[in-house]
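Each chain, letter by letter, is given below.
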Amino acid sequence: MTADPVAASIPPLATYALRLGDDALVLSHRLAEWVTNAPQLEEDVALANIGLDLLGQARTLLTYAGEVEGAGRSEDDLAYLRDEREFLNVHLVEAPNGDFAVSMARQLFFSTFQLALLQRLVSSTDPTLAGLAGKAVKEVDYHRDHAAQWVLRLGDGTEISHARMQAGVDRMWPYVDELFLGDEVDDAVAGQGAGVDPALLRPEWDAYLDAVLDEATLTRPEGLRRPPGGGRRGVHTTAMGHLVAEMQHQHRSHPGASW
Amino acid sequence: MVIGSVVAADDVLARAQAAAAAVLDPELPVLTIADLGVLRSVEVTADGTVVVTITPTYSGCPAMDAIRTDLLTAVRASGAERVEVVTVLSPAWTTDWISADGRDALLRFGIAPPGPARDRAAGQGSGPVFVPFSARPVDVPACPRCSSIRSTEISRFGSTACKSQWVCADCREPFDHMKAI
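Residues numbered from 1 in each chain as written. Chains lettered and ligands numbered in written order. Predicted model: local features only at pLDDT ≥ 70, side-chain atom pairs only at ≥ 80, totals over all residues.

Draft legend 1. Region of interest: the overall build of chain B. Of the regular secondary structure elements, chain B holds four helices and seven strands. Relative to its 181 residues, chain B shows a buried fraction of 38%. Residue pairs in contact within chain B that sit at least 24 positions apart in sequence constitute 54% of those at least 6 positions apart. (Helix = DSSP H or I, 4+ residues; strand = E, 2+ residues; numbered from the N terminus. Buried ≥ 20, exposed ≤ 12 C-beta atoms within 10 Å, placed from the backbone. Contact = placed C-beta atoms within 7 Å.)

Here it is in C-alpha cells:
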C-alpha cells in the first residue's frame, strides 16, 4: 500500500507548490517531445520555448516546495527521484500528445486555466508565489494566445483540419473537470490568502473557451466525461509511468553526475 | 584597470558596480546586463560582502547560470573578496527596463527592439473576454536592416523565448524582434 502523499504531515503550502510545479514540469516534458516532430520548424521552436517557460516555473515551484517541506529535498530530488505515485499533477498534462490538434487543445485548456490562476496568485500573501506569478503571468499570456490562434486556424480551416481540431478538443475534454477540483490543501492555502480555490476559476475558463470554440466553428463537447481526479493525490493514468521513466532515466542511471 | 591605490569600502563598491554592470548577456553579447535591466543592484554589506542582485528575463531563461558565473568572476576580479549573487523574481522584469543604449545595441545587432510593454496580463480575470480572432495588438517593428515598417510576423516565438520572428516585405530579410513583456 502506498502512503497518501497528501495526507502525510507535509505543510499544505508545500503540497500546493508541488502540485503547481508538477503541472508545469510534466507539461514541459510533453512539449519537449514535439521538438523535431512539429508540423513546422517555427512550431518546434515555439513549443520548445513554451516548454522552457514552464520548466523555469517548475524549477521555482519545486525548489520552493522543497524549502517549505523542510526535509532538505532540492528541485532535482523532487523532479528526478520521486516515483510516479508522488507526482501531484493533473491528468490533462500527462496525457499523450496525440496529433498536433490534440496537443493544441491541451495547450488551450491548460494555459487558460493557468493564466486565470496566475492572475490571482499575483496578489498572493506568499511572496514567493506572488513573485513567481508576476513573472509567469506574462509568459502564459503568450502561451494562451499561441494555442488560441492554432485552434482558430485549424477549427475554421479546411474540412480535414476542422475535423481533426474537433477530435482534439473531444479527446482532451474529459480531463478538464479535474483542473477545478479543490480539496483540503487548496482550502488551507486559500484560507491563508496564499492560494486560490480552483473552482473559482471555472466561469472565466468557460467564458474564454466558449468564445474561442465559437469563433473556431467548433462544438463544445457535451457528455464527454470521465470520473475526474486522482492526479492531485498521486493516482495517475497509464501514460504517467512511461513519462516518468523517460524523464528520470538519465538522472537515475548516473546518480550525482555533473558536467 | 587601476581606479585608485587606496581600497576603501566606497571604492570596493564603485569597482564592483562597474564590473557587474559591464557583464554581457551571453545570448546577446552586444548588451550588458545593466542595459538589459537584469542587474538590479550592487551593494556591500557590513562585513564587506558584495551582494549582486539580478532578475531573470523569463522564468526559464537558460542564460542565468552563465550570467551568475560571469558576475562572480568579474566582481572578484574587481577586488572584492566575498561575492554573492542573489536572484529575485519580483518585481518582474519588463522590456521597459532596457536602456536607450541597449535598444541601440539591439538594433545594430539586427534585432528590432521592443516597443512599450502593456500591462495586459495583470487583470484579475474580471475583465472582458478577448475576441480571440483579432489577434493581440502587435506593434509592427521596423526592419533593423532597411527600416521599413512593412513587416510580417512569422512566429511569435523565435530563437529564444524573448524574441519573435519577422520578415520584411521590402528587403525580404527575416529578422528577430524582442517582444515587449
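Here the narrative resumes, following the displayed structure.
Draft legend 2. Up close: the packing of helix α2 (residues 41–69) of chain A against helix α6 (residues 127–155) of chain A. Residue and element names in this part refer to chain A. One can describe the packing of α2 onto α6 by two numbers: an axis separation of 11 Å at closest approach and a directional angle of 160°. In terms of orientation, α2 lies roughly antiparallel with respect to α6. The handedness of the crossing between α2 and α6 comes out as left-handed. Contact with α2, carried on its side by Ala 46, Ile 50, Asp 53, Gln 57, Thr 60, Leu 61 and Tyr 64, involves Thr 128, Leu 132, Ala 136, Glu 139, His 143 and His 146 of α6 and no other residues of that element. Of the residues belonging to the contact of α2 with α6, the class tally is six nonpolar, five polar and two charged. (Axes fitted to C-alpha atoms, helices over the stretch in contact; angles between N-to-C directions. Parallel < 35°, antiparallel > 145°, perpendicular 65-115°, else oblique. Left-handed = near helix turned anticlockwise from the far one by under 90°. Nonpolar A, V, L, I, M, F, W, Y, C, P; charged D, E, K, R; others polar.)

Draft legend 3. Examining the nonpolar core more closely. Judged by nonpolar contacts, the single largest core of 121 residues is most densely connected at Val 151 of chain A together with Ala 20 and Val 75 of chain B. The dominant element in this core, judged by the number of residues it contributes, is helix α5 (residues 100–121) of chain A, at 14 residues. Residues within four places of Val 75 of chain B in sequence aside, it is in contact with Ala 16, Ala 19, Ala 20, Val 50, Val 52, Ala 80 and Val 83 of chain B. (Core = buried A, V, L, I, M, F, W, Y, C linked by C-beta atoms within 7 Å.)

Draft legend 4. Representation of the pairing of strand β1 (residues 39–44) of chain B within the structure. Across five bridges, β1 of chain B lies against strand β2 (residues 50–54) of chain B in antiparallel orientation. If you follow Val 44 of chain B over to β2 of chain B, its bridge partner there is Val 50 of chain B. (Pairing = 2+ DSSP bridges.)

Draft legend 5. Structural context of the interface of chain B and chain A. At the interface, 28 residues of chain B touch 36 residues of chain A. Here the side of chain B that touches chain A is composed, by residue class, of 15 nonpolar, ten polar and three charged.

Draft legend 6. Region of the structure containing the environment of Phe 175 of chain B. Residue and element names in this part refer to chain B. Assignment of secondary structure puts Phe 175 in strand β7 (residues 174–178). Judged by the 23 C-beta atoms lying within 10 Å of it, Phe 175 is buried. In sequence terms Phe 175 and Val 51 are 124 residues apart; their C-alpha atoms lie 37 Å from each other.

Draft legend 7. Structural context of the environment of Glu 42 of chain A. Mapped onto the elements of the fold, Glu 42 of chain A is located in helix α2. Glu 42 of chain A sits in the partly exposed class, given 15 other C-beta atoms within 10 Å. If we skip the residues at most four places from it in the chain, Glu 42 of chain A touches Ile 154, Ser 155 and Gln 165 of chain B.

Draft legend 8. Expanded view of the pairing of β7 of chain B. Residues and elements named next belong to chain B. The element β7 is extensively covered by neighbouring structure, given that four of its five residues are classed as buried. Relative to β7, strand β4 (residues 111–112) is paired through two bridges, and the arrangement is parallel. From the neighbouring strand, Ala 112 faces β7, where its bridge partner is His 177. As judged from the five bridges shared by strand β6 (residues 163–168) and β7, these two strands associate in the antiparallel manner. Counted as the bridge partner of Trp 166 is Phe 175 from β7. Between β6 and the antiparallel strand that follows it, β7, lie five residues; Arg 172 among them carries a positive phi value of about 70°.

Draft legend 9. Representation of helix α4 (residues 100–108) of chain B within the structure. All names here are of chain B. Taken residue by residue, α4 has Gly 102, Ala 105 and Leu 106 as its buried positions. Within α4, the buried residues cover an arc of 100° as seen down the axis, which keeps them to one side. Away from its buried face, by an angle of more than 90 degrees, α4 presents the exposed residues Ala 100, Asp 101 and Arg 108. Those residues of α4 that are buried are in contact with α2 (33–36), β4 and β7. (Arc of directions from axis to C-beta.)

Draft legend 10. Structural detail: the sheet that holds β4 of chain B. A sheet is described by the order of its strands in space; here four strands give the open sequence β4-β7-β6-β5 (chain B), paired in mixed fashion. In this open sheet, the two strands that pair with only one neighbour each are β4 and β5 (151–155) of chain B.

Nothing here speaks to function; it is all geometry.
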